[in-house]
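Commentary on secondary and tertiary structure
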2 protein chains.
Amino acid sequence: MAVQELEGYHGQVLQQLKKSKAKIGSILRLTSKSNEVFEGTLIPRSDYSDHTHIVLKMKNGYNIGISLDRTQKLEVIGEGEKPHFTKPSPPANHAGLPKVAIVSTGGTIASRVDYRTGAVQPALTAADLASVVPELSSIAEIDTHILFSEYSENIGPTHWKIMADEVAKRIANGAEGVVISHGTDSLHYTGAALSFAVANLPVPVLLVGAQRSSDRPSSDAAPNLTGAVALAALADMAAVGIAMHQDLSDHIVVAHRGTRVRKCHTSRRDAFKSINSEPLASYDLKTGQIEMTNGVPKRDKSRKLVVKSRFDQHAYLIKFYPGFDSGMIDSAMSRGVRGIVLEGTGLGHVSRALIDSLKKALKREVPVFMTSQTIWGRVDMNVYNTGRDLLNLGVIPLEDMISETAIVKLMWVLAQTRSASKIREMMLRPNAGDITPRTLVEAS
Amino acid sequence: MAVQELEGYHGQVLQQLKKSKAKIGSILRLTSKSNEVFEGTLIPRSDYSDHTHIVLKMKNGYNIGISLDRTQKLEVIGEGEKPHFTKPSPPANHAGLPKVAIVSTGGTIASRVDYRTGAVQPALTAADLASVVPELSSIAEIDTHILFSEYSENIGPTHWKIMADEVAKRIANGAEGVVISHGTDSLHYTGAALSFAVANLPVPVLLVGAQRSSDRPSSDAAPNLTGAVALAALADMAAVGIAMHQDLSDHIVVAHRGTRVRKCHTSRRDAFKSINSEPLASYDLKTGQIEMTNGVPKRDKSRKLVVKSRFDQHAYLIKFYPGFDSGMIDSAMSRGVRGIVLEGTGLGHVSRALIDSLKKALKREVPVFMTSQTIWGRVDMNVYNTGRDLLNLGVIPLEDMISETAIVKLMWVLAQTRSASKIREMMLRPNAGDITPRTLVEAS
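What counts, and where the lines are drawn
- Residues numbered from 1 in each chain as written.
- Chains lettered and ligands numbered in written order.
- Predicted model: local features only at pLDDT ≥ 70, side-chain atom pairs only at ≥ 80, totals over all residues.
- Helix = DSSP H or I, 4+ residues; strand = E, 2+ residues; numbered from the N terminus.
- Buried ≥ 20, exposed ≤ 12 C-beta atoms within 10 Å, placed from the backbone.
- Contact = placed C-beta atoms within 7 Å.
- Least-squares fit on C-alpha atoms with pLDDT ≥ 70 in both.
- Pairing = 2+ DSSP bridges.
- Axes fitted to C-alpha atoms, helices over the stretch in contact; angles between N-to-C directions.
- Nonpolar A, V, L, I, M, F, W, Y, C, P; charged D, E, K, R; others polar.
- Parallel < 35°, antiparallel > 145°, perpendicular 65-115°, else oblique.
- Left-handed = near helix turned anticlockwise from the far one by under 90°.
- pLDDT = per-residue confidence, 0-100.
- Expected span 1.5 Å × (residues − 1).

Each helix and strand in chain A was counted, giving eleven helices and 21 strands. Expressed as a percentage of the 444 residues in chain A, the buried residues total 54%. Looking at chain A alone, contacts between residues at least 24 apart form 71% of all its contacts between residues at least 6 apart.

Glancing now at the relation of the copies chain A and chain B. Here chain A sits on chain B after a turn of 180° about the axis and a move of 0.0 Å along it, with an RMSD of 0.2 Å. The relationship between the two copies is best expressed as a two-fold rotation axis. Same-surface contact between copies: 100% of interface residues of chain A are shared with the interface of chain B.

Residue and element names in this part refer to chain A. Taken together, eight strands build an open sheet; the order of strands is 7-6-8-10-11-12-15-16 and the sheet is mixed. A single partner strand is all that each edge strand has here, and the edge strands are strand 7 (141-146) and strand 16 (290-292). Looking at each pair of strands side by side, their axes are set apart by 25° on average, direction ignored. The strands that helix 4 (residues 157-172) touches are strand 6 (99-104), strand 8 (177-181) and strand 10 (205-208); relative to strand 8, the one it contacts most, it runs at about 145°. Of the strands in this sheet, strand 10 and strand 11 (240-245) are in contact with helix 5 (residues 187-197), which crosses strand 11 at around 155°.

Between chain A and chain B, the contact holds 72 residues from the first and 73 residues from the second. Where the side of chain A that touches chain B is concerned, the elements lending two or more residues are strand 2 (37-42), strand 4 (63-67), strand 18 (315-319), helix 7 (327-334), helix 9 (385-393) and helix 10 (403-414) of chain A. A per-class count over the side of chain A that touches chain B returns 30 nonpolar, 26 polar and 16 charged.

Our focus in this paragraph is the pairing of strand 11 of chain A. Residue and element names in this part refer to chain A. Counted residue by residue, strand 11 has six buried out of six residues, so it is predominantly covered. Sheet topology note: the strand 10/strand 11 ladder contains four bridges and is parallel. In the strand pairing of strand 11, L206 is matched with G241. Pairing of strand 11 with strand 12 (residues 252-257) involves five bridges; the strand directions are antiparallel. Residue pairing in the sheet places A243 in a bridge with A255 of strand 12. Hairpin connection between strand 11 and strand 12: a loop of six residues separates the two successive antiparallel strands.

So, on to the packing of helix 7 of chain A against helix 8 (residues 355-363) of chain A. Residue and element names in this part refer to chain A. At a minimum axis separation of 8 Å, helix 7 and helix 8 run at an interaxial angle of 20°. Classified by the angle their axes make, helix 7 and helix 8 are roughly parallel. Pair helix 7 / helix 8 crosses with left-handed handedness. Taken together, the residues of helix 8 that come into contact with helix 7 (itself represented by I329, D330 and M333) are S357, L358, K360 and A361. Here the residues of the contact of helix 7 with helix 8 sort into four nonpolar, one polar and two charged.

This part is about the sheet that holds strand 21 (residues 396-397) of chain B. Residues and elements named next belong to chain B. Taken in spatial order, the four strands make up an open sheet running 18-19-20-21, and their pairing is parallel. The sheet is open, and its two edges are formed by strand 18 (315-319) and strand 21, each paired on a single side. One ladder, built from five bridges, connects strand 19 (residues 339-344) with strand 20 (residues 368-372); its direction is parallel. Residue E343 lies in a different strand from strand 20, and its bridge partner there is T371.

As a further point, take the confidence of the model for chain A. Atom-level detail of predicted coordinates should not be read off regions where pLDDT is low. Residue and element names in this part refer to chain A. Here chain A averages 87 in pLDDT, while 85% of its residues score no lower than 70. Across residues 83-91, where pLDDT falls below 50, the model places 17 contacts with residues more than four positions away in sequence or in other chains. When the criterion is pLDDT under 50, residues 113-121 qualifies, and its contacts beyond four places in sequence or with other chains add up to 33 contacts.

All names here are of chain B. Contact geometry of helix 4 (residues 157-172) with helix 5 (residues 187-197) gives a least axis separation of 10 Å together with a crossing angle of 50°. In terms of orientation, helix 4 and helix 5 fall into the oblique class. Both helix 4 and helix 5 take part in a crossing whose hand is right-handed. Contact residues: W160, M163, A164 and V167 in helix 4; T190, A193, L194 and A197 in helix 5. When its residues are assigned to classes, the contact of helix 4 with helix 5 shows seven nonpolar, one polar and no charged.

Its identity as a non-glycine residue notwithstanding, N200 of chain A has a phi of 55°, on the positive side. Secondary-structure assignment places N200 of chain A in the loop between strand 9 (198-199) and strand 10.

Looking now at the environment of H159 of chain B. Considering the arrangement of structural elements, one finds H159 of chain B in helix 4. Linking H159 of chain B and D69 of chain B, residues 90 residues apart in sequence, is a C-alpha distance of 41 Å.

All right, on to helix 10 of chain A then. Residues and elements named next belong to chain A. The end-to-end C-alpha distance of helix 10 is 16 Å, a good match for the 16 Å that twelve residues give at a rise of 1.5 Å each. The buried count for helix 10 comes to twelve of twelve residues, which makes it a mostly enclosed element. Among the residues of helix 10, those classed as buried are S403, E404, T405, A406, I407, V408, K409, L410, M411, W412, V413 and L414.

Let us look at the environment of D165 of chain A. Residues and elements named next belong to chain A. Note that D165 resides in helix 4. The partly exposed category is assigned to D165, around which 15 C-beta atoms lie within 10 Å. A sequence separation of 261 residues divides D165 from M426, and the C-alpha atoms of the two residues are 22 Å apart. Filtering out sequence-adjacent residues up to four positions away, D165 remains in contact with V307 and S309.

Let us now look at the environment of P437 of chain A. Tracing the sequence through the fold places P437 of chain A in the segment after helix 11 (420-428). As for P437 of chain A and L398 of chain A, which are separated by 39 residues in sequence, their C-alpha atoms are 8.9 Å apart.

This part covers helix 6 (residues 221-234) of chain B. Residue and element names in this part refer to chain B. Helix length check: helix 6 (14 residues) gives 20 Å between terminal C-alpha atoms against 20 Å at 1.5 Å per residue, within 8%. Counting buried residues in helix 6 gives twelve out of 14 residues, a clear majority hidden from the surface. Inspection of helix 6 places A221, P223, N224, L225, G227, A228, V229, A230, L231, A232, A233 and L234 among the buried residues, and these make up the whole buried set.

All names here are of chain A. Among the nine residues of strand 5 (residues 71-79), zero are classified as buried, and the element is accordingly described as predominantly exposed. When strand 1 (residues 26-32) meets strand 5, the two strands line up antiparallel, connected through seven bridges. From the neighbouring strand, T31 faces strand 5, where its bridge partner is K73.

Spelled out as structure tokens, the structure:
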């Protein structure tokens, strides 16, 4: 039946595909009006709002949507295998191995069957995750849970609370390590959130994502997950980490500190980088060797978890740039902001055009913190007059804390106190390695 | 007289310094209440609003302000040399060498005498800049101009116009290369601004800054300036570049493309990095060798400069983060925003909580562009449903353009047209290497 053979296609696009005798699974060659040529396997769509694109899975594993309007020629050049996925049987649990809970929240690592949509969708369950990487069962006794299934750009403070509470539950139930699968877009924000929300950890908590979905030959889903489970099961550490590829080679998975990491590339497998800090640990997939960084808190089953999982969204991160409208700070005030992180330039500066608005905010006891948009380095507001003027106003420099961690920490602090001085004190108090206070040696 | 000997100190701090028999130039040892020890030369202050800090110049060249409140002990441990500066005689002009105009706008590179304030101040003139680096006179016939003296965090669209017009004037007056000294905080924003504002360049324009002021042993002011002048005088290129240290070694100065560079560290000398692009050229201070990157526009004196130096500040850059209040987009609308650059996550995403506000903006013909806060990589909104939903709304992905360049370009485009379709077209049209359109090979 034509409709099933061309599942998800409609209108003009459907007519054109029929005319060319294309079916789902056919290998098509499209020539664009600008004479670009695209070859790939026709895959089905589920997105009914778009009637204008043909979606091909290309040889390199990528999907591409090509507008019919821009296509001058469409040919079937062969019949490919219809996309399919075979699920291996779930691994047997091995008694005696460390117990690791895998909690799934969505994201590319939990996405496999993108053929239905022509795009990657969160679809895989935690059990699937474990079953597609059978070698996990030789590392740990795996126990899987689906918490929710969400693209990480939609994950925010309410999800952080759910995740923190789930971590507590899994540890209470005997997990000797927790792995949380998560989309990569906001993985580092969640890493910071859990670092603050679950303190005094007895065991490690590893967030893990994938930059390439698991149906692509270059996927990092399996190695990242294997590394995360190995570190959760075996590493002598008790901290929140983000387990991702170290570099473009396949064999080292690194656990970045949850408060010291950010996604630094839109698509590369080595997108995650530790900032102003060393990673917590690494796992070599080839040798099974774990390397720990000095000073990382060690496992201690007697340690009692402290859960403070609430976050207050009245914290605003504002990136400064030349020509910035200071009225946006006034707007934040009128929207009930209770604390501001300014992402300034260089050592922690904004233009003098912002001074009046900042004064107003500070006068109304809304604390204003400073980080730097340079990403790397430490803010230092004593070097230049601008910095000193801002310090005199009451703006608080956050040392070497990154902006993403700062906004998450501020939401967490605001949920615990209304006192401006307490907020300041809590923001500056090192917590889960988020900040390194200036020492004599570093004085600059 | 005590006051001159302790210039700039007042109240309690002055009393304490007198009691310890300290003078400007004395070497002091301060012990903090937390038992940190600071040693350095006492330097004068000009900031009368602050009565609570003692400012020392430390051995490593940094100045540090230490609060009297946190000091438990203050001793004079020696008499240092009173800070002074001797100005060499200005270099003679050498006829026959290429003519290079040095235009000074302020910043660390133009700051030397920080002893008056205890902090770095923009103070040095363009002529001083040339005279402190006498070797410049063997490279080019230097002609110096002070345009203004401003910390770069205060530099914005109105200054960009002044600089663009000055570049045009210098070229009209026969400059075979233009060097602009500028603070580093917003150096890359100005680099983008000039790239757009002065097109069809016949000669190179090099912005240059310094991460360390020229009175510090580790200063990069002289090498950066030398490299910038050499590239302006000698490199066979005609583009706007930012000349800065390549790495922590002293001998390579790199010209980054004005539209493809950002400050990536608060303080390191190699803070500036080319993003998603190769630098234009490099200059080896040891050998004098210039290396050019393929495809960079070459000098051509017959080329007629096109100056479009106006910028419209009704462009807003908004960084997304989990928990972002979509009402801030509504606030921007009510403040008269005419175009938005959203700095999204990953491949170019924001949470679904923003959809309604974005719809409203787009309905009112305010174009919304997407860049990524990952810094590196290309946005691709075809991969995930979130991206496709945003595309369907009308959000426009800016390929591999960096956020800082995007907001500057949008201000420049808004000054030229009010048509939404024209704005979109101009934003996506490659200009001074700001964007690389996706090609077949890169399709993903």
